[in-house]
Amino acid sequence: MKKMISFIVRYPVWTSVLMFSVVGFGLISFSQMRYSFFPELVPDIIKIDVAYPGASPDEVAEGVILKIEEQIDGLNGMERVTSVSRESFGTVTIETSKESDIEKVLADVKNAVDRIGSFPADVEKPVIYEQKFRSRSLSIVLFGNTDLYNLKYITEKFRDDLLASDKISQVAIGGLPALEFSIEVSEADMRRYHLTFDEIINAVRQSNVNISGGKFDTDQEEILIRAWGRSYRAEEMQDIVIRGNPDGTIIYLRDVAQVKEQWEDTPLKTYYNGRNALVLNIDQTESEDILTVANVTIAQVKTFNETHDAVEAKILDDRTIPLRQRIALLTKNGVIGLLLIVVSLGIFLNLRLAFWVAVSIPFSFAGMFIIANFMGLTINVISLFGMILVVGILVDDAIVVGENIFAHYERGKGAIQS
């Protein structure tokens, strides 16, 4: 350490080169760093989601969850397995060990679950995926004196406007119940037309689909064959053909049943200020900047409120507020620290010494930004808390070192020796 300090003192040109290099590369590194609310963690979670419509939590646990847990038991790379069973749905969460390859564990889990052949008949295909890093940026509530259908349409349009920006990729609608179609069949009409339930069910199942019929090539083009038959509205489903009689008459679904479009019967409803409301949850991925996401969202909310009267958008749970507050506090403490150093040392010691001691604060932070950017770290509430603490330490150490050098200089030692 003494040799390094001696070299720096005797050759000030190299000191200036080092200082300007660190500050320059530090500014470049700072401009490349992203902001996030919490530190970004390497994903180590694998999830298995299974839908079992109409089943109770006990049935989900016994018919699905326990079979999955038994099948994946003993696989390499797993540290802990937890599960949750609720009505019509079950989730298995697998925490992988730090030293394991999560991609290999994911493949092993998929192979193990695919080997299960004893699921109940109504169980849907399990969805197995690696839980990527997601961090909530902010939420938006849309509310107004309008029905849920219109609010759903407006909310989906606003969601599409947000996703149109290349700065936002994750927007989910919360508080929206699932849309259901109910087909209420008339027993009298069934008898009149000599129909059965199975005949109606098969007609709806076979007609309400989109089917690919392959393709064929010509000299000039490639022609795709598709049959688009899926209906998304109750009025469209009424035109499904149940039977074509030999005499040329056709029996439609509307002739024997009433098709109703309705919301899922759920006790969970969302209101804001006593009015119907839906929530847009906007998340940040590991490649996005939370401040940029928030700024784009705030601008979109302002534009939305200026162009809509019946429905209003309001920002909720803005995670960037504490982040911006800590950035402001860090900036304030850094500026105050610099002023204290310059004023106190300039008055009691030497103004030139005070200036070079003050330079130590931006120099130290520039070096920190270089290392942090190289390690892939982000500016978040945790790292900002550490920076706020370090500012006080830097100011204190800078004053102590500067005062000690000046004390030796006053005792008669040369500038280099001091």
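Residues numbered from 1 in each chain as written. Predicted model: local features only at pLDDT ≥ 70, side-chain atom pairs only at ≥ 80, totals over all residues. Heavy atoms only, no water.

K.L.:
Tell me about a nonpolar patch on the surface, and please be specific about residues and values.
P.N.:
A grouping of Met4, Ile5, Phe7, Ile8, Val9, Tyr11, Val13, Trp14, Val17 and Ile416 is seen on the molecular surface, where their side chains present a nonpolar patch of about 980 Å² in accessible area. For the nonpolar patch, the secondary-structure elements that each account for two or more residues are helix H1 (2-10) and helix H2 (12-32). It is H1 that contributes the most residues to the nonpolar patch, five residues altogether. Relative to the helices and strands, Phe7 is located in helix H1. (Patch = residues over 30% accessible without salt bridge, like charges linked within 9 Å, V, L, I, M, F, W, Y side chains within 5 Å. Areas by Shrake-Rupley, 256 points an atom, 1.4 Å probe, with all protein chains shown as cover. Salt bridge = Lys/Arg side-chain N within 4 Å of Asp/Glu carboxyl O. Helix = DSSP H or I, 4+ residues; strand = E, 2+ residues; numbered from the N terminus.)

K.L.:
Give me the lowdown on unusual backbone geometry, citing residues and values where you can.
P.N.:
One non-glycine residue, Ser88, adopts positive backbone phi at about 70°. With respect to the helices and strands, the residue Ser88 is situated in the loop between strand S2 (78-86) and strand S3 (89-96). By relative accessible area, Ser88 is classed as partly exposed at 23%. One non-glycine residue, Asp317, lies in the positive phi region at around 50°. (Buried < 20%, exposed > 50% of the residue type's maximum accessible area, 1.4 Å probe, protein only.)

K.L.:
Which residues make up the sheet that holds S3, and what are the values?
P.N.:
Strand order across the open sheet formed by four strands is S2-S3-S1-S4, with antiparallel pairing between neighbours. Looking at which strands have only one partner, the edges of the open sheet turn out to be S2 and strand S4 (127-130). Across the sheet, the axes of successive neighbouring strands diverge by a mean angle of 15°, strand direction being ignored. The sheet contact formed by strand S1 (residues 45-51) and S4 spans four bridges and is antiparallel. For Ile48, the partnering residue across the bridge sits in S4 and is Ile128. Packing of helix H3 (residues 57-72) onto the sheet brings it into contact with S1, S2 and S3, and relative to S2 it is tilted by some 165°. (Pairing = 2+ DSSP bridges. Axes fitted to C-alpha atoms, helices over the stretch in contact; angles between N-to-C directions. Contact = heavy atoms within 4.5 Å.)

K.L.:
Residue-level account of the packing of aromatic side chains, with values.
P.N.:
By the definition in use, this model includes four aromatic pairs. On the basis of an interplanar angle of 25° and a centroid distance of 4.9 Å, the ring pair of Phe158 and Phe304 is categorised as stacked. Of the two residues, Phe158 is situated in helix H5 (residues 148-163) and Phe304 in helix H10 (residues 290-307); the sequence distance between them amounts to 146 residues. As far as the burial class goes, Phe158 and Phe304 line up, both buried. Ring centres of Phe365 and Phe369 lie 6.4 Å apart, and the angle between their planes is 50°; this geometry places the pair in the tilted category. With Phe365 and Phe369 both in helix H12 (residues 351-374) and four residues apart, the pair spans about one turn of that helix. Within the aromatic cluster, the residues linked to one another by ring pairs are Phe30, Phe365 and Phe369. (Phe/Tyr/Trp six-rings, centres within 6.5 Å; stacked < 30°, edge-to-face > 60°.)

The quantities given are spatial measurements derived from coordinates; they are silent on function.
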